[in-house]
Amino acid sequence: MINSSQCRFWLNRLGRMGIAAVLLNAALPLAFAQGRVATPAPTGPWMDKSLPPDRRADLVMEQMTLDEKLSLVHGGNAPAGQPGPQPRALGGAGFVPGVPRLGIPDLQMTDGTSGVANTGRWARYATALPSALAAGASWDAKLAYEFGALLGKETRELGFNVSLGGTANIIREARNGRNKECWSEDPIATGKLLGSMLKGLQDQTIIGDVNRYAVNDQENGRQIYSANL
């Protein structure tokens, strides 16, 4: 049973991590849907880019209501049996409503392992990039950077600001259905190539992630099997 003190701890912890990631890049727009006008940025002290991200997160959290904190933890997907996602959602791979009055933008997420996937309601074409496995076979960190830069550019142009797909898992099982998303069988090569790709992605003002960090070794039954180390 989680008591109120534990609940406050996790809300603060999760909120601080999420807000710090968003506030790191003030270039992210506050609105992405076509035809919408961005809300003017607030002028609170948390908007001061000279402050450390953790300090800015602490400052903005002091201004947030409990409902606003909960919305960042839960995201914007409707519960089962309820109407669809919020109108602002672009329909990609996930949506977390922002807090416009505080300058926290919506998080519009899409998948991006071999190019932009789930391109959403304003969908158009996106470049089909090589699989991460094929790109990793080049052993070329500069090429991995260019891979990420193109992925980030097209992610941004489609209205998203989060790309999910930086797979850090290494290949252990030849029959794994997600091997194409892995960069290598080797942890050092994977780290260097994936790091270069994420640098290219984030240089396009897109939030990138380290996805499927370890031991995602089979696709069949992946929601239920136990991986014991």
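Residues numbered from 1 in each chain as written. Predicted model: local features only at pLDDT ≥ 70, side-chain atom pairs only at ≥ 80, totals over all residues. Heavy atoms only, no water.

**Side note on the nonpolar core**
Then, number 1: Within the largest apolar cluster, 18 residues are counted, with the highest numbers of intra-cluster contacts made by Phe147, Leu151, Trp183, Leu194 and Met197.
Then, number 2: A per-element tally of this core places helix α6 (residues 187-202) first, with five residues.
Then, number 3: Excluding residues within four positions of it along the chain, Met197 makes contact with Ala144, Tyr145, Phe147, Gly148, Leu151, Gly166 and Trp183.
Then, number 4: Counting eight residues, the second largest nonpolar core, distinct from the first, contains Trp46, Val60, Val99 and Leu102. (Core = buried A, V, L, I, M, F, W, Y, C linked by side-chain atoms within 4.5 Å. Buried < 20%, exposed > 50% of the residue type's maximum accessible area, 1.4 Å probe, protein only. Helix = DSSP H or I, 4+ residues; strand = E, 2+ residues; numbered from the N terminus. Contact = heavy atoms within 4.5 Å.)

**Some words on the sheet that holds strand β1 (residues 94-96)**
Then, number 1: Taking strand neighbours across the sheet as the criterion, the four strands line up as β1-β2-β3-β4 in an open arrangement whose pairing is mixed. If you trace the sheet from one side to the other, it starts and ends with β1 and β4 (207-208), each paired once.
Then, number 2: Bridge count for strand β2 (residues 107-111) against strand β3 (residues 162-164) is three bridges, and the pairing is parallel. The partner of Met109 across the bridge, within β3, is Val162. (Pairing = 2+ DSSP bridges.)

**As for helix α5 (residues 141-157)**
Then, number 1: In a regular helix each residue adds 1.5 Å, so 17 residues correspond to 24 Å; α5 covers 24 Å between its end C-alpha atoms and thus fits that length.
Then, number 2: Of all the residues in α5, the buried ones are Ala144, Phe147, Gly148, Ala149, Leu151, Gly152, Glu154 and Thr155.
Then, number 3: On its buried face, α5 sits against β2, α4 (132-136), β3 and α6.
Then, number 4: Backbone nitrogen of Lys142 and a side-chain oxygen of the N-cap are separated by 3.0 Å at the start of α5; the cap is Asp140.
Then, number 5: A positive backbone phi angle near 100° is found at Gly159, which sits one or two residues after α5. (Expected span 1.5 Å × (residues − 1). Polar contact = N/O pair within 3.5 Å; in protein donor to acceptor, adjacent residues only side chain to side chain.)

**Notes on the pairing of β2**
Then, number 1: Within β2, four of the five residues are buried, which leaves the element mostly enclosed by the surrounding structure.
Then, number 2: Note: β1 against β2, three bridges, orientation antiparallel. Following the sheet pairing, Phe95 is matched in β2 by Gln108.

**Description of the environment of Gly177**
Then, number 1: Positionally, Gly177 belongs in the loop between β3 and α6.
Then, number 2: Judged by its relative accessible area of 39%, Gly177 falls in the partly exposed class.

**Details of the pattern of salt bridges**
Then, number 1: For the structure shown, the criterion picks out ten salt bridges.
Then, number 2: Here Lys142 ties to Glu146 by a salt bridge, and the two come within 2.6 Å at their closest N and O atoms. Taken as a pair, Lys142 and Glu146 lie in helix α5 at a separation of four residues, close to a single helical turn.
Then, number 3: On the basis of relative accessible area, Lys142 is assigned to the exposed category, the value being 59%.
Then, number 4: For Glu146, a relative accessible area of 39% translates into the label partly exposed.
Then, number 5: One salt bridge in this structure joins Glu157 and Lys153, with 2.8 Å as the shortest N-O distance. With a gap of four residues between them, Glu157 and Lys153 both fall in helix α5, about one helical turn apart.
Then, number 6: Using a relative accessible area of 40% as the deciding quantity, one classes Glu157 as partly exposed. (Salt bridge = Lys/Arg side-chain N within 4 Å of Asp/Glu carboxyl O.)

**As for the side chain of Thr155**
Then, number 1: Looking at where Thr155 falls in the secondary structure, it is placed in helix α5.
Then, number 2: In terms of polar contacts, Thr155 uses its side chain to reach the backbone carbonyl oxygen of Leu151, at 2.7 Å.
Then, number 3: The contact partners of Thr155, leaving out residues within four places of it in the chain, are Thr110, Val116, Phe160, Val162, Ser163 and Ile206.

**A closer look at the confidence of the model for the protein chain**
Then, number 1: Averaged over every residue, the pLDDT of the protein chain is 81; the share at 70 or more is 78%.
Then, number 2: Counted against residues more than four places away or in other chains, residues 25-35, with its pLDDT under 50, gives 26 contacts. (pLDDT = per-residue confidence, 0-100.)

**Brief notes about α6**
Then, number 1: For α6, built from 16 residues, the straight-helix expectation of 22 Å at 1.5 Å per residue is met to within 8% by its first-to-last C-alpha distance of 22 Å.
Then, number 2: Residues of α6 that are buried include every one of Ala189, Thr190, Leu193, Leu194, Ser196, Met197, Leu198, Gly200 and Leu201, and no others.
Then, number 3: Turning to α6, the residues buried within the fold contact α4, α5, β3 and β4.
Then, number 4: With a side-chain oxygen positioned 3.0 Å from the backbone nitrogen of Ile188, the residue opening α6 is Asp186.

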